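Fold and contact review
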Amino acid sequence: MSKKEILGSLQRASVIYRTESGEGRRVWTDVSMDIHEGEWIVVIGPNGSGKSTLASVLLGLCPLSSGQLIYKQDEQWITRGVLQIPDAQFVGDTVQEELDYLPNAQDLTIEARAEWYRETLSVVGLSVPVERALHTLSGGQKQLVNIAAALAVHPAILVLDEPTAMLDPAARKEVRQAVREAHKRGTTIVWITHRLEEAADATRVLGFGDGRVTFDGEPRVFFYGDEGGDRGDLSVMTPCNELGLDPPFVVKTAIGLLQQGCQLRLLPIDMEELAEAVSGSCP
Ligand SMILES: Nc1ncnc2c1ncn2[C@@H]1O[C@H](COP(=O)(O)OP(=O)(O)OP(=O)(O)O)[C@@H](O)[C@H]1O
Ligand SMILES: [Mg+2]
């Protein structure tokens with residue numbers, strides 16, 4: 001398989017925030033990573049480890065104290081972001097106003113806009129009237145409006161910082177589905193989360209600990225370690241354990257089954273894989 005194009009590259013990037021007292025506070029040290037076209041990177045780490053700083057850096061909202069961020073394309077819209085609190089990102093009062101603020105809307109006639117609103121919302125599977133006041137939408141619908149607005153300018157990379165944190169399970173599913181569709185259409189995804197089960201969507205997991213990248217690799221290796229076969233052994237530390245994080249239900253279940261002497265067909269990272277792993281293999 002040919003190597004995918006590098007869309008963006010962080011090279012030995014460090015961030016020092018200025019606190020109110022004027023002191024410098026180092027929150028990122030020598031962070032290096034390439035973002036390749038077509039990836040779905042899930043960023044995981046404990047509170048305060050520097051995950052949101054990654055979103056801010058990629059979106060151009062936080063300057064680096066040293067190191068470099070290089071984007072392949074010199075485009076204005078290479079990255080767009082969706083953050084944790086749905087309402088915090090709105091600039092309009094209605095869905096229509098929200099979309100009208102986008103640069104693409106400016107080039108359209110009033111007549112052409114109606115079709116464009118419909119298309120823009122259908123990309124995330126949303127079919128609310130554009131006259132709807134944003135405050136009357138559910139949390140999930142609000143996040144879908146934010147994702148639709150972000151995707152409307154066709155960014156190469158969509159950066160999402162805990163987009164499902166405020167949502168109920170049904171809305172979380174809708175948001176994940178909308179982002180999966182965008183990924184299928186070619187958008188590269190950087191998804192920051194505390195919900196470790198969301199790593200199942202990832203092509204790559206980036207683990208953050210104390211402002212440094214502690215892990216960069218496949219989700220299965222993040223949860224089960226390099227030599228995944230011996231996970232029945234409780235003394236084996238995985239990259240997930242090393243960050244002090246509790247693995248998701250599916251992974252804990254699989255490890256429990258291995259400890260009970262079950263032979264698993266694979267080391268599962270989602271429910272479908274767990275079902276496949278256990279079919280006919282327990283003593
Ligand atoms: N504007 C700021 N000024 C000073 N310190 C900041 C600022 N923003 C973040 N920090 C500090 O930088 C560190 C990393 O913050 P960041 O928000 O990137 O962490 P995070 O991994 O996203 O945490 P969480 O899981 O709680 O969202 C934290 O110690 C935080 O207190
Ligand atoms: Mg954060």
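Look up: the structure comes first, before these words.
A short tour of the structure in this document, coming up. (Residues numbered from 1 in each chain as written. Chains lettered and ligands numbered in written order. Predicted model: local features only at pLDDT ≥ 70, side-chain atom pairs only at ≥ 80, totals over all residues. Heavy atoms only, no water.)

1. Re the pattern of salt bridges
For the coordinates displayed, the defined rule picks out 12 salt bridges. With a closest N to O distance of 3.0 Å, Lys142 and Asp87 form a salt bridge. Of this pair, Lys142 sits in helix H5 (residues 139-152) while Asp87 is found in the loop between strand S5 (79-82) and helix H2 (95-100), placing the two residues 55 residues apart along the sequence. On the basis of relative accessibility, which here comes to 40%, the residue Asp87 falls in the partly exposed class. Measuring nitrogen to oxygen at the nearest pair gives 3.0 Å for the salt bridge that ties Arg113 to Asp100. In this pair, Arg113 is assigned in helix H4 (residues 110-122) and Asp100 in helix H2, connecting sequence segments 13 residues apart. You can call Arg113 buried: its relative accessible area is 12%. Relative accessible area serves as the criterion here: at 21%, Asp100 is assigned to the partly exposed category. (Salt bridge = Lys/Arg side-chain N within 4 Å of Asp/Glu carboxyl O. Helix = DSSP H or I, 4+ residues; strand = E, 2+ residues; numbered from the N terminus. Buried < 20%, exposed > 50% of the residue type's maximum accessible area, 1.4 Å probe, protein only.)

2. Describing the site of ligand 1
Of all residues adjacent to ligand 1, which total 13 residues, the nearest are Gly48, Lys51, Ser52, Thr53 and His194. In this structure, Gly48 approaches ligand 1 through a main-chain N or O atom, which is 2.8 Å from an oxygen atom. Relative to its unbound accessible area of 640 Å², ligand 1 is 67% covered by the protein chains. Among the elements of the structure, strand S2 (24-36) and helix H1 (51-58) are those that each provide at least two residues to the shell around ligand 1. The dominant element in the shell around ligand 1, judged by the number of residues it contributes, is H1, at three residues. Classifying every residue of the shell around ligand 1 gives three nonpolar, seven polar and three charged. (Near = heavy atom within 4 Å. Polar contact = N/O pair within 3.5 Å; in protein donor to acceptor, adjacent residues only side chain to side chain. Areas by Shrake-Rupley, 256 points an atom, 1.4 Å probe, with all protein chains shown as cover. Nonpolar A, V, L, I, M, F, W, Y, C, P; charged D, E, K, R; others polar.)

3. Some points on the sheet that holds S2
A sheet is described by the order of its strands in space; here three strands give the open sequence S2-S1-S4, paired in antiparallel fashion. The two strands at the open ends of the sheet, each matched to only one other strand, are S2 and strand S4 (66-71). When the angles between neighbouring strand axes are averaged without regard to direction, this sheet yields 20°. Across nine bridges, strand S1 (residues 6-18) lies against S2 in antiparallel orientation. Within S2, the position partnered with Leu10 by the bridge is Met33. (Pairing = 2+ DSSP bridges. Axes fitted to C-alpha atoms, helices over the stretch in contact; angles between N-to-C directions.)

4. Focus: the packing of H5 against helix H6 (residues 169-184)
H6 packs onto H5 with a crossing angle of 15° between their chain directions and a minimal axis gap of 9 Å. Considering the angle they form, H5 stands roughly parallel to H6. Remark: the crossing between H5 and H6 carries right-handed chirality. Residues Gly140, Gln143, Leu144, Ile147 and Leu151 of H5 touch H6, and the partners they reach there are Ala171, Glu174, Val175, Ala178, Val179 and Ala182. The residue makeup of the contact of H5 with H6, split by class, is eight nonpolar, two polar and one charged. (Parallel < 35°, antiparallel > 145°, perpendicular 65-115°, else oblique. Left-handed = near helix turned anticlockwise from the far one by under 90°. Contact = heavy atoms within 4.5 Å.)

5. Notes on the nonpolar core
Within the largest apolar cluster, 59 residues are counted, with the highest numbers of intra-cluster contacts made by Val95, Ile147 and Phe223. By residue number, the principal contributor to this core is H5, which donates eight residues. The residues contacting Val95, other than those within four sequence positions of it, are Leu121, Val128, Pro129, Val130, Arg132, Leu134, Leu137 and Val145. In terms of nonpolar packing, the next biggest core, distinct from the first, is built from 24 residues, Ile35, Val57, Ile157 and Val190 among them. (Core = buried A, V, L, I, M, F, W, Y, C linked by side-chain atoms within 4.5 Å.)

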